[in-house]
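Examination of the molecular architecture
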Amino acid sequence: MSKRELHFGLMFWAGGTHPSGWRYPSSHAGAAFDIEFLQRVTQLVEAAKFDFLFLGDRLASDPSLQTTNPSQMSRLEPFVSGASLAAATSHIGIVVTANPTYYDPYNLARMFASLDHLSQGRASWNLVTGADEIAAGNFSRQAHWDTERRYDWADEFVAVVRGLWDSDAITPLHHKGRYFEVAGPLNVKRPPQGHPVILHAGTSDRSRELGARDADVIFAGQATIESAKAYYADVKSRAGKYGRADSEIAILPGLTPVVAETTQQAVAIYDHLNSFIALEPDGDGGEASRYGSLGRMGKRRNLTAVSAAIGVDVSGQNRDAPVDPIVLAEANEDGRRLFADVTRLTRRDVKGPDRLTYRDLIIGHISTGAIVVGDAKEVADHIQHWFDERAADGFNIFPPYVPESVEAFTGLVVPELQRRGLYRTDYSGSTFRDHLGLAKPGPILSNATSL
Amino acid sequence: MAKPLHLGFLYAPQSGHQTHDESFDPLNPIHLTSLARDLEGAGFAFLLVDDSVGHAAPARSEAFTTASFLATRTRHIGLIAAANTSYVEPYNVTRLAASLDHVTHGRAGWLVATGVADPAGANYGQAAFAPDLHYQRAEEILDIARRLWDSWEDDAFVRDKRSGVFVDGAKIHPIDYIGASFTVKGPLNVARPPQGQVIVAHRVVDRRSAEFAGRHADIAILGAATAGDIAALRANVIAAASGARREEQHVRLFAEIVPVIGPDHAAGAPGATSASFLSGTATKIVDEIEALTNAVTLDGLLVAPRVLRSGLDAFSRDVVPELVRRQRLLSANGSITLRERLNLSRPRNIFEHKAPQHASTAG
Ligand SMILES: Cc1cc2nc3c(=O)[nH]c(=O)nc-3n(C[C@H](O)[C@H](O)[C@H](O)COP(=O)(O)O)c2cc1C
């Protein structure tokens, strides 16, 4: 078996994945619709030999996202941006998010087959079943389907799409299932990769089954190494029952790196980014609308919410004041974890010369996903640790502000990982499957007899 | 004397009357790129990437992906992609068209096709339905698309780094559309297209399609074999336009021609009637173009050679210079968007508030 190597994708919300990334001085606030800019950033990660560029998607918009996820309010449709990005690159995989709940298998199979031809074997489908309940209203539906319905539909959908990719005049599909009736054949030739790479992201049991059965890459959202290891082991353990080796599935959690030449500079950038976050007055500690990613209910950005989480009442405190050490001493387990996390990121503590503030607690409390702040060595150590511990086969890199954080990661961290022999110094092939070490699948239909 | 013309190009390998040379591979991105760039160099106003979801034979790549791939590989040529309203969700196709307009900086168009011309129900679990139903869906989807394109006003993005205001929520509008086939809340999740509204094209071959084009299309492509039939289709389009209170000059009228260049006697017999076959030497073809445009007032021609690429190469080499010599070809003339090139104005946003009126001036 060949040596395990890291895989990297760039999670591309063009304004940055940090809710205020677009406000960072060097960021391009109008990036989402500037295709030439998107092409330049893609070329940057291609030069760093990234496996893929990841185009997330949502099927609704809501102006209230502007304080929490401005990059996700509006953007280019991902097949359009994906095809334009393919035109400006030669090796990097192009991941397009498409939600089967609101697509049709014949159309989707055609679009991915087309993108795979145009990109000469670099297309990939991020199969998600949808995070936005409000999307239903844009597609003539009464309501968001529940998990069982979404995954029943998705399971049949992906089988139809694979069947269409393999179909031809001799073996058209003639699929008749619970949800779909599709005659076929597809009128686009079989994709260069056979089947474009399939990514999947989700958390439920149904999602894990779909991932173990159908995904080549799984994009995971766990924030801590313990939860990531458990997820990793669980999904890989399910692969066998579908006749797959666990090495055929790459599990890539999201990771937000804030990296600079020195630790001190990295912390300063992290603080600078967070200084833009608009906090809320104390009083209401309940769930807010949408903080963080994916439209899940979020947390209030105030000390009332922090108090509820840590088990000590700190509401009404001056947010810029250093936190009284008593608070840590009296905090519950979640609270102690929050303090440790804030200290890990900011290097500030309740004692010593550099003291952590109440504001730091609010920011720490609302943060989602895994974050690492530091110099090249510290960030590479973090990555290597997750990789060695089998919490990850690589990462979907969340660039908090664009393009500078991408330049910092590719310029500082990638060379360090290459020195350590953990990451490729060049592409060994030209298709996305090549980067993942996956063979081109033979047709699953029994048209071998017709050859 | 007839006015100078725009040229559009029909890319439709392996469907209708178009085939391709063995040396041209419709799935090869290099071949596609050079095709688009050569058309741009020859002065074509747009490349129409046709599509079919009903024909079983594998032919080419899907139109919007293809046009998007060509977007930044070209600079001036309009890119019109076909999508069939009988088999798409309105929110999806509206986004595709709006996004294509962004990546082309305003050179996008959408050829609205329906299941009448390209029946494909068997691939979509749909029973065949009547032409009127296909057109009813097309009308609804276009209505939804036009509202969604306007759902973000041009200046909805504030992007003020100092204040942290990213958008002005008052300039983003739900559309709350409820129709016979679709319910769409909106808003779209794409900024308003650079052209305001993406250029809409429709193929006109009969009364029903003429009616639709007259009511909705910026470009009507008239497909008939003779000048008389083309004139009749044109009259139907104009009648429908005025019935919908649109001005005649808001619809650009193109006739589809199939040039077959060669010595006079070698001209092939036309097999189809949905286009005008012009055959013979370049001089004779241009004579026929002049005869056609003297007989029928047209804004342009959709050139649909029978064989890709050789048919295009011969047309660019022999016919285009002759059209230029006779001052029959319109150039880009410094325009940037397809709308500007076709001399169509940028539509006002239906949601745009009138400037707030002061009580004194309102009274
Ligand atoms: C890391 C991660 C990334 C996701 N990215 C998207 C996305 O880009 N668009 C989307 O609609 N849903 C996205 N989802 C949501 C999934 O589609 C799924 O609907 C959601 O996780 C709920 O389903 P589940 O219960 O199976 O997890 C993502 C989920 C995870 C965990």
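Here the structure is shown first, and the text comes after it.
Each chain carries its own residue numbering, running from 1 in the written order of its sequence. Here the convention is simple: chains get letters from A, ligands get numbers from 1, in the order in which they are written. In keeping with the predicted nature of the model, local features appear solely for residues at pLDDT of at least 70, side-chain atom pairs appear and are counted solely at 80 or more, and the whole-chain, interface and lining totals rest on all residues. Side-chain calculation: all heavy atoms of the structure are included, whereas hydrogens and water are not.

**Here we look at the site of the ligand**
Residues and elements named next belong to chain A. The condition that has to hold: One heavy atom suffices: a residue is near a molecule or strand as soon as one of its heavy atoms comes within 4 Å of it. Throughout this description, a polar contact denotes any pair of N or O atoms lying within 3.5 Å of each other; where both atoms belong to protein, one of them has to be capable of donating a hydrogen while the other can accept it, and for residues adjacent in sequence the pair is counted only when both atoms sit in side chains. In short, Shrake-Rupley with a 1.4 Å probe defines the accessible areas, and a residue's cover is counted only from the protein chains shown. Only DSSP runs of H or I with at least four residues qualify as helices, and only runs of E with at least two residues qualify as strands; both kinds are numbered from the N terminus onward. When residues are sorted by character, Ala, Val, Leu, Ile, Met, Phe, Trp, Tyr, Cys and Pro go into the nonpolar class, Asp, Glu, Lys and Arg into the charged class, and all the rest, Gly among them, into the polar class.
Of all residues adjacent to the ligand, which total 18 residues, the nearest are D57, G130, Y151, T203 and S204. Taking Y151, its side chain carries an N or O atom lying 2.6 Å from an oxygen atom of the ligand. Between the ligand and the protein, one listed contact pairs an oxygen atom with a side-chain N or O atom of T203 at 2.5 Å. If the ligand stood free it would expose 610 Å²; the protein chains cover 90% of that surface. Elements that contribute at least two residues to the shell around the ligand include exactly α4 (147-166) and β8 (217-220). When the residues that make up the shell around the ligand are grouped by side-chain class, the tally is seven nonpolar, nine polar and two charged.

**Structural notes on the environment of T343(A)**
Residue and element names in this part refer to chain A. Quick note on the threshold: Between buried and exposed lies partly exposed: a residue is buried under 20% and exposed over 50% of the maximum accessible area for its type, with that area taken using a 1.4 Å probe on protein chains only. Residue contacts follow a heavy-atom distance rule, with two residues in contact if any of their heavy atoms lie within 4.5 Å.
Its location among the elements puts T343 in helix α10 (residues 333-346). Note on T343: relative accessible area 22%, which makes it partly exposed. With 98 residues separating them in the primary sequence, T343 and P441 have C-alpha atoms 47 Å apart. Among residues more than four places away in sequence, those in contact with T343 are R348, D349 and L356. Within the structure, T343 has its side chain in polar contact with the backbone oxygen of R348 (distance 2.8 Å).

**Concerning the nonpolar core**
Rules: In these notes, a set of buried Ala, Val, Leu, Ile, Met, Phe, Trp, Tyr and Cys residues joined through side-chain atoms within 4.5 Å is what counts as a nonpolar core.
Counting residues in hydrophobic clusters, the biggest one holds 188 residues, and the most contacted among them are F8(A), F50(A), W125(A), I383(A), F44(B), L47(B) and W110(B). With nine residues, the single largest contributor to this core is α4(A). Leave out the neighbours within four places in its chain, and F44(B) touches L7(B), G8(B), F9(B), L39(B), I77(B), V303(B), L312(B), F315(B), S316(B) and R341(B). If you look at the next biggest cluster of nonpolar residues, it comprises 22 residues, including A45(B), L48(B), A201(B) and I221(B).

**Looking at the packing of α4(A) against helix α5 (residues 205-214) of chain A**
Residue and element names in this part refer to chain A. For clarity, the threshold we go by: Here an angle of 0 to 180 degrees is reported between the N-to-C directions of two axes, which are lines fitted to C-alpha atoms, with helices fitted over the stretch in contact. Angle categories: roughly parallel below 35 degrees, roughly antiparallel above 145, roughly perpendicular from 65 to 115, and oblique for all the rest. Crossing handedness: left-handed means the near helix sits turned counterclockwise from the far one by under a right angle, and right-handed means the same turn made clockwise.
At a closest axis distance of 10 Å, the pairing of α4 and α5 adopts a crossing angle of 10 degrees. Taken together, the axis directions place α4 and α5 in an arrangement best described as roughly parallel. The chirality of how α4 crosses α5 is right-handed. Touching T147, E148, Y151, D152, A154, D155, V158 and R162 of α4 are R206, S207, L210, R213 and D214, all from α5. Grouping the amino acids of the contact of α4 with α5 by side-chain chemistry returns four nonpolar, two polar and seven charged.

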